[in-house]
Amino acid sequence: AHDHDVMDLAQLESIKLTCDALKWYGQADSRQKALFRRRLQQLALGERSRILSKRLVGSKNYAIFETYLDQAHTAQRIIFTEIRERNGLRGILVWFVSKHKHVSRYMELIDDSIARLSHTRQPVSARSLFAQANSDEMLLDDDTILLNPVANTPLKIYTTDMEMLGSEESLGSLPLRLTSAEKAIIHMPGTVLVLGRSGTGKTICIANKMAFDRQQHTHKPTFGVSKMSQLFVAHSPRICRLVGALQGCPDGLSSAVSEALLEDVVDAVQTTSMHLKTLDDVVADAEKAMGLTEHFDPTSRVDYRRFKHEIFPRALKSLKKRSCDLDPLIVWTVMRSFIKGSIEAVHGIDHTSLSAVARQGCALDKVTFVGLGEDRMRLTTRQRCEAFEVFEAVSAVYVNERLWDDGDRLLAIHRALQQAPQRGLLCTFYKVYVDEVQDLTNAELALLLHMSSSGTMFLAGDPAQSVVEGVDFRFEEVRSIFHYLVGKVPQKPSTLHLNFRSHTGILEAADVILEWLFRFFPGSVKLLPKDDGLCKGPRPAMGVWGMAKLAKLLGSPESGVVVLTPDHNIGALNRALAEHLGNATVTVLGIREAKGLDFAEVLLVDFFKCLDVQQHKSWKKMLQSSPSVGFQDAHPEVETQLKLLYTGMTRAQRRLNLIETGPSKAASSFLRAAGNQVTELSFNSTIETNLLTPDEWVGRGLAFAWEASEHTSRAGGVREQDLTVALTWLNRSIECFRKAANVGVAYECKAHVHMEVLRFLHKGIQTKDDEVKMVQLVKTCITEGMWLEADSLVSLLVSSSYHRQQSEFYQSLLLQNVQTVLSTKT
């Protein structure tokens, strides 16, 4: 027991829960939830008793305690540690809520997670977690990262307080604990730009910044604003739902989230509201508000695929050109990002006098376009002239057939906004927050800025994940847009480097993709320090599998794998899988659709198979040669594909595999060029063999062996049904140890010995030969250090009528060995 006097409430203001504890709470019934909150309140108030704070015996690193949730037959326990923060606040960290029989196992997992800290890249060693060498408290500052005991990922920790513990619903939407860098970003005033690679916490920063701004408005209302409305915008509806859920709105996406969940009421006047919308919905709403809907028939919309395969060839034909030196994607980018989508096009800013507004809402003329600075566009003067010529031919096709693209619609909206009466029709918000800003053109960003009545925004993104064809994004241009439109230049982007999503095995493979972008497409991605992965893990594997084998894996209910594929391939892949799976369902997402999200296990399927013949040649040329002059202009689609591949790879938290359902030259070239960062997955191997490292296979085997012991730990021998279940678990553990190769040999040997022990304990000693075999088995157990098994066998031998003297000798020897081991540990 670990007894304390009642402490001052102010000393225990820090109450933190891990993601596993919060997950348990979400699945518990109302009675269990009430008991859980009551126990946390008692602990936070400083109450200590054996029921509330029983210290667990056997922890290797620091004190771990258990609290009785109840004393019913379920015997649930709250497992926690005491913590102290740098500011002196004392508190508790709740790791798990577990059945009593699993408490020891969870304690070992927590111990192991602390031991693994010494192998991470953070500048905090495992020993620095202790406030003092003789203290029971863990020292936990803002930048100390813990590892998840049940996964090879950083531990997500949520913060609560006494007030929130009073409500059942409050614990369902707790704020995540933030690093000092994230806190600094959230407290920055005005317009904020955030740059960070995949998994560095950009979306979490946005959600917390929105909550912080609402709180600030509640306590200190902005002058002249009685109701603070917020707009969050992203391309993906999934990110909108995620940001809503992070702020207590489980349904996430809506035109106006229920204010009952979001209002911070000081009086009847001061309220806040939050709106979550996709960019498409924002533009559609603006189009409707401006009265432009009838001008843009959805069936006449031109996207990149239609442009490439239909419009571009016809435009060249009208120019009497059989070929063009410029790739279709370059022309499309010129149209979307510059001729129609630049700030000059939107506001008619002349290139020689940026303050002069010559034309309102018109595409750039040739002189202005050709005169754009070299830092804005990589094309030479000759290439710009040719691109503009093709643009004029494309425009003629549009006019003749009443076609339009997204750039035309944005220009029409901006043109309408220049008329004073129309401006008042546009819905505005006090502040606008944007995730994945790298996928927006200047025209789209300018529209969102018009919708911010405060003239401030929060923008987060990563140019390495710019996967929308035709968008040429640079953070430097964002600062210029604010200078032109509101007269204030935001600070340079704040950067985030600590990766909370993926381990080093995945990050090092993704770094290969970034290196290729730097080499073959200079200027396309901002050079940042490499992400700090917190834990080691298995490298991604790549292989060619048939659809039948892939479907067999995905059809297993235990797989838990999410399939990603290029967005245009979703339908074809679903149809192919359906032929083999029948009624079974598999989650298949497009890579663009999955942006901003993460998944434990990811299969990236048919990325290279989806490339056309020319794209295969482009990849092969890139991967089999050094950077050459003109490669960037001759093969621009490879840049987008590299960014798409990087985005898909970095969705994975623990496991990533690239599966092709057919061979291709591009896939083979990629596997060779990736070197040691991607392993080959043979057709005859199972995907699980490549998913885990040897140490992880040992860990899984030990978990299975533990399950076996759970069924054979009763007094009075081993029952038939328990033996059958235990042997099944042990056979599973042996398979895991075999997959661990040399690392698992010793464990496999012990598992076999344990199986023999269980069989003897079940059937007992029936013949003299049985006794002789058991004596030899006792010797083996002692040699292997399996003292508990040896003790069980000796007890059975002592009760036997044969060789009582010899059994007593082994009992004495066993006791002597156990005492030696215990004295050594002490």
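Our subject is the structure listed above.
Note that the structure is predicted; figures quoted are calculated from it, not measured.

K.L.:
Explain the side chain of Lys202 to me, please; I cannot follow it from the model alone.
P.N.:
Relative to the helices and strands, Lys202 is located in helix 5 (residues 202–219). Buried charge Lys202 goes without a salt bridge, the closest partner of opposite sign being Asp462 at 5.3 Å. Here the side chain of Lys202 touches Gly196 through a polar contact of 2.9 Å, landing on its backbone oxygen. With sequence-adjacent residues up to four places away left out, Lys202 is seen in contact with Val194, Gly196, Arg197, Ala460, Gly461, Asp462, Gln465 and Leu496.

K.L.:
Honestly, the layout of surface pockets in this entry has me stumped. Any pointers?
P.N.:
Of the volumes computed, that of the second largest pocket is approximately 1,100 Å³. As for the second largest pocket, its lining consists of 42 residues, and the residues nearest its centre are Val467, Val468, Glu469, Asp567 and Arg592. When contributions to the lining of the second largest pocket are tallied by element, the ones reaching two or more residues are helix 6 (237–246), helix 7 (279–289), helix 8 (304–318), helix 9 (328–339), helix 13 (406–417) and helix 22 (636–649). By residue class, the composition of the lining of the second largest pocket is 16 nonpolar, eight polar and 18 charged.

K.L.:
Mind showing me how you'd approach empty space enclosed by the protein here?
P.N.:
Using a probe with the size of a water molecule, rolled over the atoms, empty space left in the structure can be pinpointed. Applying the stated criterion across every chain, the model contains three cavities of 30 Å³ or more. Counted as a void, the largest cavity has a volume near 400 Å³. What lines the largest cavity is a set of 26 residues, among which Thr333, Arg378, Val471, Asp472 and Glu639 lie closest to the centre. For the lining of the largest cavity, the secondary structure elements donating two or more residues are helix 9, helix 21 (631–634) and helix 22. In terms of residue count, the dominant contributor to the lining of the largest cavity is helix 9 (five residues). Partitioning the lining of the largest cavity into residue classes produces eleven nonpolar, seven polar and eight charged. Roughly 40 Å³ of volume is contained in the second largest cavity.

K.L.:
Before we go on, may I ask you to explain the packing of helix 20 (residues 613–623) against helix 22 in this structure?
P.N.:
How two helices pack is summed up by the angle between their axes together with the distance between the axes. Look at helix 20 against helix 22: their axes get within 10 Å of each other, and the N-to-C directions meet at 80 degrees. Taken together, the axes of helix 20 and helix 22 lie roughly perpendicular to each other. In contact with Gln615, Ser618, Trp619 and Met622 of helix 20, helix 22 contributes Glu637, Val638, Gln641, Leu642 and Leu645.

K.L.:
What am I meant to see in the packing of aromatic side chains here?
P.N.:
For any two aromatic rings, the description comes down to two numbers: the centre-to-centre distance and the angle of the planes. Under the definition given, this model contains 20 aromatic pairs. Centroid distance Phe607 to Phe608: 5.2 Å. Interplanar angle 80 degrees. Geometry classified as edge-to-face. The burial state of Phe607 is the same as that of Phe608; both residues are buried. Through a chain of ring-to-ring contacts, the aromatic side chains of Trp516, Phe607, Phe608, Trp619 and Phe670 assemble into a single cluster. The ring of Trp545 carries the charged tip of Lys549 above its face, separated from the ring centre by 4.3 Å. The ring of Trp729 has Arg732 sitting right over it, with the charged end atom 4.7 Å from the ring centre.

K.L.:
Help me out: how do you make sense of helix 27 (residues 745–763) in this one?
P.N.:
Residues spaced three or four apart along an α-helix point in a common direction, a consequence of the helix completing one turn every 3.6 residues. For helix 27, which comprises 19 residues, the first-to-last C-alpha distance of 28 Å matches the rise-based estimate of 27 Å (1.5 Å per residue) to within 8%. Taken together, the buried positions of helix 27 are Glu748, Ala751, Val753, His754, Met755, Val757, Leu758 and Phe760. Phi turns positive one or two residues past the end of helix 27, at Gly764, with a value near 75 degrees.

K.L.:
I'm lost on the packing of helix 17 (residues 504–520) against helix 23 (residues 665–674) in this one. Help?
P.N.:
At a minimum axis distance of 11 Å, the contact between helix 17 and helix 23 shows a crossing angle of 100 degrees. With respect to helix 23, the axis of helix 17 lies roughly perpendicular. Across from Val512, Ile513 and Trp516 in helix 17, the residues of helix 23 making contact are Phe670, Ala673 and Ala674. Residue composition of the contact of helix 17 with helix 23, by class: six nonpolar, no polar and no charged.

K.L.:
Explain the nonpolar core to me, please; I cannot follow it from the model alone.
P.N.:
A general trend in soluble globular proteins is that nonpolar side chains are found buried together. If you look at the biggest cluster of nonpolar residues, it comprises 45 residues, and the most contacted ones within it are Phe608, Trp619, Met622, Leu645 and Phe670. Taken together, the elements giving at least two residues each to this core come down to helix 17, strand 17 (562–565), strand 19 (599–605), helix 20, helix 22, strand 20 (652–660) and helix 23. Take this core: its biggest share by element is nine residues, from helix 17. Trp619 has contacts with Phe607, Phe608, Leu611, Val638, Gln641, Leu642, Leu645, Ala666 and Phe670, leaving out every residue within four places of it along the chain.

K.L.:
Got a minute to help me understand the pattern of salt bridges in this structure?
P.N.:
Following the criterion strictly, the structure yields 33 salt bridges and no others. With a shortest N-O distance of 2.9 Å, Lys340 and Asp408 are connected by a salt bridge. Of this pair, Lys340 sits in the loop between helix 9 and helix 10 (343–347) while Asp408 sits in helix 13, and the two are 68 residues apart along the sequence. Two residues, Glu639 and Arg378, come together in a salt bridge whose shortest N-O distance is 3.5 Å. Note that Glu639 is positioned in helix 22 and Arg378 in the loop between helix 11 (366–370) and helix 12 (381–401), a separation of 261 residues in sequence. When its relative accessible area of 14% is taken as the criterion, Glu639 is described as buried. Take Arg378: its relative accessible area is 35%, and that puts it in the partly exposed class.

K.L.:
Any chance you could explain the environment of Thr179 here in plain terms?
P.N.:
Structurally, Thr179 is set in the loop between strand 7 (157–160) and helix 4 (180–186). As a C-alpha pair, Thr179 and Thr144 span 35 residues in sequence and 8.2 Å in three-dimensional space.

K.L.:
Teacher, can you tell me more about unusual backbone geometry here?
P.N.:
Among all residues save glycine, negative phi is the norm, and among peptide bonds the norm is trans. Its identity is not glycine, yet Glu436 carries a phi of approximately 55 degrees, on the positive side. Looking at the secondary structure, you find Glu436 in the loop between strand 11 (431–435) and helix 15 (442–450). A positive phi angle, close to 60 degrees, is found at Asp606, a residue other than glycine. Here Asp606 lies in the loop between strand 19 and helix 20. Exposure remark for Asp606: the relative accessible area of 5% places this residue in the buried category.

Calculation rules
All residue numbers refer to positions counted from 1 along the written sequence of the respective chain. At least 70 in pLDDT is required for a residue's local features to be given in this predicted model, at least 80 for side-chain atom pairs to be given and counted, and no such filter applies to totals for whole chains, interfaces and linings, which use all residues. The side-chain values count all of the structure's non-hydrogen atoms but skip hydrogen atoms and water molecules. Numbering of helices and strands starts at the N terminus; helices are DSSP runs of H or I of at least 4 residues and strands are runs of E of at least 2. Type-normalised accessible area, obtained with a 1.4 Å probe on protein chains alone, sets the label of each residue: buried when under 20%, exposed when over 50%, and partly exposed for intermediate values. Counted charges follow a simple rule, with Lys and Arg positive, Asp and Glu negative, and His plus the chain ends left uncounted. What counts as a salt bridge is simple: a side-chain nitrogen of Lys or Arg found within 4 Å of a carboxyl oxygen of Asp or Glu. Residues adjacent in sequence count toward polar contacts only when both atoms are side-chain atoms; beyond that, a polar contact is any pair of N or O atoms within 3.5 Å, and within protein one must be able to donate a hydrogen and the other to accept it. Every residue pair with non-hydrogen atoms within 4.5 Å of one another is taken to be in contact. Only protein atoms enter the calculation, which uses a 1 Å grid: trapped sets of points that fit a 1.4 Å probe without letting it out are cavities, open sets showing protein on both sides within 12 Å along at least five of seven lines are pockets, and any residue with an atom within 4 Å of a point is a lining residue. Grid points are joined across faces, edges and corners, and a volume is the space filled by probe spheres set on the points. Polar here means any residue outside two lists: the nonpolar Ala, Val, Leu, Ile, Met, Phe, Trp, Tyr, Cys and Pro, and the charged Asp, Glu, Lys and Arg; Gly therefore counts as polar. What counts as an axis is a line fitted to C-alpha atoms, over the stretch in contact for a helix, and the angles between N-to-C directions run from 0 to 180 degrees. Orientation is classified from the angle alone, with under 35 degrees giving roughly parallel, over 145 giving roughly antiparallel, 65 to 115 giving roughly perpendicular, and any other angle giving oblique. Aromatic rings from Phe, Tyr and Trp, with only the six-membered ring used for Trp, were paired whenever their centres fell within 6.5 Å, and each pair was classed as stacked if the ring planes differed by under 30 degrees, edge-to-face if by over 60, and tilted otherwise. Whether a charge sits over a ring depends on NZ of Lys or CZ of Arg being within 6 Å of the ring centre and within 35 degrees of the ring normal. Helix span is expected to be 1.5 Å times the residue number reduced by one. Side-chain atoms within 4.5 Å link the members of a nonpolar core, which is a set of buried Ala, Val, Leu, Ile, Met, Phe, Trp, Tyr and Cys residues.

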